[in-house]
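Now for the letters of each chain:
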Amino acid sequence: MIQSTRPAQYGFAERWLPRLVLAPSFLLSLVFIYGFVVWNGYLSFTASSLLPRYEWVGFHQYARLFANDRWWVAVFNLFKFGVLFIGISMLVGIFLAILLDQKIRFEGFIRTVYLYPMALSFIVTGTAWKWMLNPGLGLEKLMHDWGWTSFTFDWLVNPDMSIYTVVIAAIWQSSGFVMALFLAGLRGIDDSIIKAAQIDGATLPRIYWKIILPAMRPVFFSTLMILAHIAIKSFDLVVALTGGGPGFSSDVPATYMYAMAFTRGEMGLGSASAMMMLLSVSAVIVPYLYSELRRGSR
Amino acid sequence: MAMPALPAARYPNSELEKKMGALAIKNVTKSFGDTHILKGIDIEIDDGQFLILVGPSGCGKSTLMNIIAGLEGPTTGEVHIGGRVVNNISPKDRDIAMVFQSYALYPTMNVRQNIAFGLETRKVPKKEQDEVIQRVAKMLQMDHLLDRKPGQLSGGQRQRVAMGRALARDPILFLFDEPLSNLDAKLRVEMRTEIKQLHQRLKTTMVYVTHDQIEAMTLGDRIAVMKDGIIQQFGSPQEIYERPSNLFVASFIGSPSMNFIDCHLAEQNGQIGVSLQTDSDARFLPLPNGQRLAGRVGQEVILGVRPEQLDVAHSDDNVAAISIKVNLTEPTGPDTMIFTKINGKEVVARVHPRDAKGPGETMRLALDMSKVVLFDPKTELRLE
């Protein structure tokens, strides 16, 4: 109705201008994201080494990948890192959000303090924590200088523990963000619900456990989605903090892929590992997108 | 409808407590630093009475309600519920139930769980819980809603559930915090009647906060009109309507609100009265038993007249009648509001539509001088 009343000469621009403006980014993402995904998928079935070589070898690279110890270290590291990072960030974030929700003074200031790490890149976080956790430079040296000479905290250089330093740094960076998400959710809860529960005789922990946190379900799921993909993509933090070491003890799939494809001249193997990561991210994202889009269309 | 038996007594001497289940608020104040929200509140009501706290927003009525509930503590003063001082008793042990403006239903629980939550917290046996839920659901006719979540209910249904949750508690004192303000006009009237019926059936003491003077008048046994943290008047609805203690109460209660006409108190032929001037008339209207005001003759007063006390004059009652010029009419159906000017002030008269004249015409109005009230313009208090 409205369109028919407009002058005819606008019709052409109105139809084509949006498409024209969107075309470059559409084209770029088509080529540089989806095109390269397909190319990478193809490479993973070839015998590429230092450079792409289009010699079809079937699932050979995947077989090599699954027989590779370093890959499995990376996968288990990702698993440990993912579970601990998501779990602890979530707990710390919810706990901070609940504390901040008690109508305290200087809340705005405190909120900014906790949220600030999110403003840093993982490279900065990793570097700063590398210095702090370095036994010869940071915490351990400080304790020794203060006279506690038996203190040891060598996780950064201990192959069994190095992945947990990544966990610590990642939690430090992300729990403030989780806190902000949950705080926003908690603010959406009507105050009188808490009053009603108090009159009903519930204690504060019970009010949170039985009434408020269950109402946070949507926040919980979006936070999980965000943290999960941060965990799977984690690369820069590991590179800056441990460099995947000592040895390859703190490798994750992303650093493994980078090492294989670009420094070890095993492009086919790298591509195969990249495909495995793509599949695991899809396994998380696709059901989520499906449920979101279905909800949107309803 | 006969009330099913109450759940087993939770207090050994519950019968006794019910008898003394009155509320007394003694010199309660509430301040935050230099901000004084409540400035010495005294209220006492008998068991089974329906107390209304009414006032404009910011008058402190909700704070007072929170103090009664124990959600906030008073700065000074005492709150007595059921004959005991409850200042240091937590909300859950005050034996009260509260209904909130926003309903405050627990969003993730269905109706049954919402009602059961308080019972569970107080460790009522499961079987007894079910009985209470059944009783409440039947009383409020919401059996069919028990398995729904609050999000699936309409505003009126949510309000009903919130009331059900309060009823399940079987308290000695019900608190209602503007429970009808979020409902549309029609539903509000229905629920108002339902709350009144509920009170008649339960005969439990109730405290009801509202800013709506119609709710206050229709529901209350006792009304406390509040402004600026002070109780302006405390009395029965009729007292407050007929003998408002000051200008604020007079203007707040009643719709359309009371007309205030500035005039001089004068004496003519041994009678004390006021002179009124309209566009078409000027008259001296004597006050019945005006001699009590002899000391104030010559002073300025404010004459308070309710719109319905200005009615069409019939030819025989000549005494307190005055002719006016109609400026505007507002028909409401049962009545027509006539707008005119007396002593330069806009005045509304409520007359039968049959008697209403059109704008520009003149008509004669009779003032019921036995019902008008006088206020002191300086203190704003009613003159006895």
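These numbers come from a predicted model, not from an experiment.

Conventions used here
- Residues numbered from 1 in each chain as written.
- Chains lettered and ligands numbered in written order.
- Predicted model: local features only at pLDDT ≥ 70, side-chain atom pairs only at ≥ 80, totals over all residues.
- Heavy atoms only, no water.
- Helix = DSSP H or I, 4+ residues; strand = E, 2+ residues; numbered from the N terminus.
- Areas by Shrake-Rupley, 256 points an atom, 1.4 Å probe, with all protein chains shown as cover.
- Buried < 20%, exposed > 50% of the residue type's maximum accessible area, 1.4 Å probe, protein only.
- Pairing = 2+ DSSP bridges.
- pLDDT = per-residue confidence, 0-100.
- Axes fitted to C-alpha atoms, helices over the stretch in contact; angles between N-to-C directions.
- Contact = heavy atoms within 4.5 Å.
- Patch = residues over 30% accessible without salt bridge, like charges linked within 9 Å, V, L, I, M, F, W, Y side chains within 5 Å.
- Salt bridge = Lys/Arg side-chain N within 4 Å of Asp/Glu carboxyl O.
- Lys, Arg positive; Asp, Glu negative; His and termini not counted.
- Charge placed at Lys NZ, Arg CZ, Asp CG, Glu CD.
- Buried area = accessible area lost by both parts, 1.4 Å probe.
- Polar contact = N/O pair within 3.5 Å; in protein donor to acceptor, adjacent residues only side chain to side chain.

Engineer: Help me understand the overall build of chain B, please; the structure alone is not making it clear to me.
Structural biologist: Counting its regular elements, chain B contains nine helices and 21 strands. Dimensions of chain B, computed from C-alpha atoms along their principal axes, come out at roughly 80 × 45 × 40 Å. About 17100 Å² of surface is accessible on chain B, with carbon and sulfur atoms providing 49% of the total.

Engineer: Please explain the pairing of strand 14 (residues 300–305) of chain B as it appears in this structure.
Structural biologist: A regular strand places its side chains on the two faces of the sheet in alternate fashion. All names here are of chain B. Counting buried residues along strand 14, five of its six residues qualify, which places the element largely inside the surrounding structure. Of the strand pairs in this sheet, strand 11 (residues 259–268) and strand 14 are connected by six bridges, and their pairing is antiparallel. Across the sheet, His264 pairs through a bridge with Glu300, a residue of strand 14. One ladder, built from three bridges, connects strand 14 with strand 21 (residues 373–375); its direction is antiparallel. The residue of strand 21 that forms the bridge with Ile302 is Phe375.

Engineer: Is there a simple way to explain the confidence of the model for chain A in this structure?
Structural biologist: Low-pLDDT stretches of the model should not have their predicted coordinates read in fine detail. Averaged over every residue, the pLDDT of chain A is 84; the share at 70 or more is 95%. Of all the helices and strands in chain A, helix 6 (residues 139–145) of chain A carries the lowest mean pLDDT, 81, while helix 3 (residues 69–100) of chain A carries the highest, 90.

Engineer: Whenever I open this one, the sheet that holds strand 19 (residues 345–351) of chain B confuses me. Can you help?
Structural biologist: One key point about sheets: their strands pair by backbone hydrogen bonds, in either a parallel or an antiparallel sense. Residue and element names in this part refer to chain B. Read across the sheet, three strands follow the order 17-18-19 without closing on themselves; strand pairing throughout is antiparallel. The strands lining the two open edges of the sheet, one partner per strand, are strand 17 (328–331) and strand 19. Pairwise comparison of adjacent strand axes, ignoring direction, gives a mean angle of 25 degrees for this sheet. Relative to strand 19, strand 18 (residues 336–342) runs antiparallel, the two sharing seven bridges. Note that in strand 19 the partner of Ile338 across the bridge is Ala349.

Engineer: Is there a simple way to explain the confidence of the model for chain B in this structure?
Structural biologist: All names here are of chain B. Per-residue pLDDT for chain B has a mean of 86; in total, 93% of the residues score no lower than 70. Confidence scores differ between elements of chain B, with helix 1 (residues 14–19) showing the lowest mean pLDDT of 45 and strand 3 (residues 50–54) the highest of 93. Counting interchain partners and residues more than four positions distant, the pLDDT-below-50 stretch residues 1–19 has 23 contacts.

Engineer: Honestly, a negative patch on the surface in this entry has me stumped. Any pointers?
Structural biologist: Residue and element names in this part refer to chain B. Residues Asp42, Glu44, Asp46 and Asp47 make up a contiguous surface patch of negative charge. Of note, Glu44 is situated in strand 2 (residues 35–45). Judged by relative accessible area, which is 52%, Glu44 ranks as exposed.

Engineer: Teacher, can you tell me more about the sheet that holds strand 8 (residues 205–210) of chain B here?
Structural biologist: Residue and element names in this part refer to chain B. The six strands lie next to each other as 6-7-8-3-9-10, forming an open sheet whose pairing is mixed. A strand with exactly one partner marks an edge of an open sheet, and here the two such strands are strand 6 (96–99) and strand 10 (230–235). Taken over all neighbouring pairs, the strand axes of this sheet differ in orientation by 15 degrees on average, direction set aside. As defined by bridge partners, strand 3 adjoins strand 9 (residues 222–227) across four bridges and the pair is classed as parallel. Bridge pairing in strand 9 places Ile52 opposite Ile223. Taken strand by strand, helix 6 (residues 185–202) contacts strand 3, strand 7 (173–177) and strand 8, and its axis lies near 160 degrees from that of strand 8.

Engineer: Is there a simple way to think about the interface of chain B and chain A in this case?
Structural biologist: Where interface size is given, it is often the accessible area lost as the parts come together that is meant. Taken together, the contacts link 23 residues of chain B with 16 residues of chain A. Interface of chain B and chain A: buried area, both sides summed, is about 1700 Å²; carbon and sulfur atoms make up 66% of it. At the boundary of chain B with chain A, the tally comes to one salt bridge. Between Arg206 of chain A and Glu120 of chain B there is a salt bridge, with the nearest N and O atoms lying 4.0 Å from each other. Where chain B touches chain A, the interface holds six residue pairs in polar contact (both at pLDDT 80 or more). Residue assignment for the side of chain B that touches chain A shows that the elements contributing at least two residues are helix 2 (61–69), strand 6, helix 3 (111–121) and helix 5 (155–169) of chain B.

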